[in-house]
Structure formats: C-alpha cells, structure tokens
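Topology and contacts: notes
Here are the chains, one letter per residue:
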Number of protein chains: 2
Amino acid sequence: MITSRNNEKLKLVRKLHERRWRGKLGLFVVEGEDLVEAALAAGYEADELLVAGENVEPALLAEVSTLGHPPRVMGVFRRRDAAGTADVTLALWRVADPGNLGTLLRSADAFGAGVMLSEGCADPFGPKALRAAMGSTFRVPLLDFELRNAVALVADGGESLDDLDLLRYATFVLGSEREGLPDDVLACCAAKATIPVQNVESLNVAMAGTIALYARSRHEAVT
Amino acid sequence: MITSRNNEKLKLVRKLHERRWRGKLGLFVVEGEDLVEAALAAGYEADELLVAGENVEPALLAEVSTLGHPPRVMGVFRRRDAAGTADVTLALWRVADPGNLGTLLRSADAFGAGVMLSEGCADPFGPKALRAAMGSTFRVPLLDFELRNAVALVADGGESLDDLDLLRYATFVLGSEREGLPDDVLACCAAKATIPVQNVESLNVAMAGTIALYARSRHEAVT
C-alpha cells in the first residue's frame, strides 16, 4: 500500500501530466475505470495500475488526479506507434485545444475514421484530450499527416459540403480555430468545402469535423 | 483608475463568477473585446466596462479574470428575459457541462435555431459557456422549455435521423451525457431519432445536436 506522496509511482504520475515527460518516457496516465478498461481492451499495456484503497491511499490517489471527482483507478500506460488504416480520415492542422481534439477522436471513432495530427496539435494522450475522447483514443488509427484526395474545410469560399461528391475524397482537413488553414496546406488539397451557416464566422472545429464525417457517412449509406 | 483589489466593481465581478450571484443580481460578466462587442451589438446593456490601463490597473483586471490570457476589457452586463422565436429549436435536458452548452448555442446560431433549457442545465451566462458560445449567447433566442413536435435524440433504438422527415419537427431534444432522457420527457416527444454510429456508445451531446441541426438544414435546402 502506497502511503507516502513521495512514492516513485506517484511522482511518475505527476510528471506524466506534462507533455514533455510523456514524450520523453513514452508513457501516459489514464484516469478512471472506464478509460482504463478501454485502454486495456484496445491492447494497451499498463505499466502501473493504482487502485484507491487497494494499493494506494485514496487521498494520495486523489492528489495526483487531474479530475474534480477523484477516480478509484489510475493507470500508467505505454504509448504505441501510430498504426492502422481507415477509408476516411480527419487531418487536423494545429488543433491545439485538447477538448476539441478529444471530441474529434470520439467522432472519428463513431464514424469509423482515422485521424492525422500535424505538429502543433494538442497531445491526444494528455488528460483533457483523453477525457473528451471517452476511450476512442485507443481505437482510432492515428496516422502520419499526409494529404491525399483531401478536402479542406474552410469557413467560407468553398463549395457547399453537400454539393461535393464526398466519396471521392479520403481526407477532411481542419485548421486551428484562430488561424484556419495556411496557403501551403490548402495547396495540397483537391477541393475546398464550406458548411453553410449564418450569423457566425465559423462552427467550432469539432462540430465542423463531425458534420463532415456525418455527411460522408450519409453518402456512403446511399450508395 | 481602479488601483485597489477591494474596489466595489472588482468585488462585483468576482461575485458574478458564481451562478447564485448572477441569479440574484441579474448581471453577468463578459471577458474579452470580441465578446463584449458581441453583447453590445446584440443590444445588451453594460453596467460597467473595465478597460485595462484606462480605468483599471491591468494586473487587477487580470486577477478577476477567469482566462489564462487576461483580457484587455471586461464588462458587467444585465441579463434580459428570454425572447425571440425560431422555426427550429434545441431543447436541452440537464446539459450540465458549460462547454457543451456554449458550443450548442454557437451551433444553434449557425443554423438559425433557438434553444430551450431545462432546469439542471449549465448557466449560459457563466464564463465557460459564454466563451464556448463565442457571442452566440447574445443572439440565439432562449425559450421556455416546452416540447411540441419534438424529436428525441437517443443513443440507440430510434429511427435513423436521416429517415425521418425532419421538416415535420420543430424541436430536437437532447439529454445529459450521463443519463440521457428520462421516460417522462420521452413521452412528450413525437418521435425518437438515432444518429447511426459505430464503436462508441454515443456522440458527445454537442456533436449530436449540431448534426441534427445540420441534417434539418439540408432537408430545408432541398425543399
């Protein structure tokens, strides 16, 4: 039973809340039973499993948690290389908000899509992104950023999303909320699409990506 | 120039970060130039406008801000009664996450929809919800919770969203992420719809609501 906050395992958990330590050690922390189960079910290996009242004092586990409601279980897991394939992918360009990134992973999972992350994206294995993804992080193919048959989703000036033959495209490219997509990324795209909206400058990036996947899945359903 | 943290205006701002004070005083705080402009443009009245370096010490304004990056401008605004009408509305049942609520307001604005909030929803005028809504809070009709011609969006067991004649319905009802919709709310709905997904139990509530509005707008575009 861990009874000291200076315990090495607790120190490790605290370190892994920082992205640079996750990168350095190739490890990440999963909080809560549901997420730990999802990671194990997807074949991720747990280096450590901390269970409140079993092998660690509940108050100490609560202390290293990032959650308002402290979890009963936390795990330290080993990252794996990006792997898998998918017929359709979301290519995320500098999507730095971890909540949006996690939500997009959840939607990608829901529509059977993969995800490509550019540099400057939030870390999908950070605490907020993991939480928003609700376990989808462990199932969605994370692929190298490479634009082929890509449609850029732009706030305005593109063809209406519905007018495009979406099945011709394999990748939807989404930019950061603030800056959108730079010219060199747009130049790699075969088409530009816009979701017709009123009043607002743009939809939230997670909404736009989710609508694109939904729209494409409807085209699939018809054919 | 405000130079003391005990200044009454700063004390008021701090109080208004709490929901009960917003309720009691009928006031709320808006942070950042963009949001302040959006509130003014929509006809909301500013009781106070605090501008860093003009009428308040920048460090003191930063101290009462909820933002990581302190804003240059903060305003204390007066709430208005729910008003307006809309052909389509989202009825949110106990959507307690302020980020999801704000995002749904932004999507409602984008698709010309209104929003109804049940008891137990997050406060749309709280700091996180205001931020996620990006100004849409001030434009979207906030209506009383009343279900007419309503479709319940349910995680499973409903008709596929696309198979419904969406123009027959005026309201999409969305439940809390954890508990979904209770039987007495479902009993008031004319139909149940499900967005076809794989792998995951459900989409994020903001994604589901946004897809419903998008799907309905596509039906409108066709007719």
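Residues numbered from 1 in each chain as written. Chains lettered and ligands numbered in written order. Predicted model: local features only at pLDDT ≥ 70, side-chain atom pairs only at ≥ 80, totals over all residues.

With that settled, the discussion passes to the sheet that holds strand β2 (residues 46–51) of chain B. Neighbouring strands of a sheet are bound in pairs by backbone hydrogen bonds; such pairs are parallel or else antiparallel. Residue and element names in this part refer to chain B. The antiparallel open sheet is built from three strands, whose spatial order is β1-β3-β2. Each edge of the sheet is formed by a strand with only one pairing partner; in this case those strands are β1 (27–31) and β2. When strand polarity is set aside, the average angle formed by the axes of neighbouring strands in this sheet is 15 degrees. Judged from the five bridges that link them, β1 and strand β3 (residues 73–78) form a sheet pairing that is antiparallel. Looking across to β3, one finds that V29 is bridged to V76. Contacting β1, β2 and β3, helix α3 (residues 33–41) crosses the sheet at an angle of about 30 degrees to β3. (Pairing = 2+ DSSP bridges. Helix = DSSP H or I, 4+ residues; strand = E, 2+ residues; numbered from the N terminus. Axes fitted to C-alpha atoms, helices over the stretch in contact; angles between N-to-C directions. Contact = placed C-beta atoms within 7 Å.)

We now examine helix α5 (residues 98–110) of chain A. In a regular helix each residue adds 1.5 Å, so 13 residues correspond to 18 Å; α5 of chain A covers 18 Å between its end C-alpha atoms and thus fits that length. Note on α5 of chain A: the residue one or two positions beyond its end, G112 of chain A, has a positive phi of about 65 degrees. (Expected span 1.5 Å × (residues − 1).)

Facing the 23 residues of chain B at the interface are 23 residues of chain A. Looking at the side of chain B that touches chain A, the elements that each hand over two or more residues are α5 (98–110) and α8 (205–222) of chain B. Top element by residues in the side of chain B that touches chain A is α5 of chain B. It accounts for six residues. Residues belonging to the side of chain B that touches chain A are distributed by class as follows: nine nonpolar, nine polar and five charged. (Nonpolar A, V, L, I, M, F, W, Y, C, P; charged D, E, K, R; others polar.)

Overlay of chain B on chain A (RMSD 0.0 Å): rotation 180 degrees, translation along the axis 0.0 Å. Those values place the two copies in the arrangement expected of a two-fold rotation axis. Mapped onto chain A, 100% of the interface residues of chain B are again interface residues, and the two copies thus contact each other with one and the same surface. (Least-squares fit on C-alpha atoms with pLDDT ≥ 70 in both.)

Here the focus is the domain arrangement of chain A. Residues and elements named next belong to chain A. By domain assignment, chain A separates into domain 1 (8–78) and domain 2 (89–222). With centres defined by C-alpha atoms, the gap from domain 1 to domain 2 works out at 29 Å. Elements with a minimum of two residues in the side of domain 1 that touches domain 2: α2 (19–25), β1 (27–31) and α3 (33–41). (Domains from an automatic or database assignment.)

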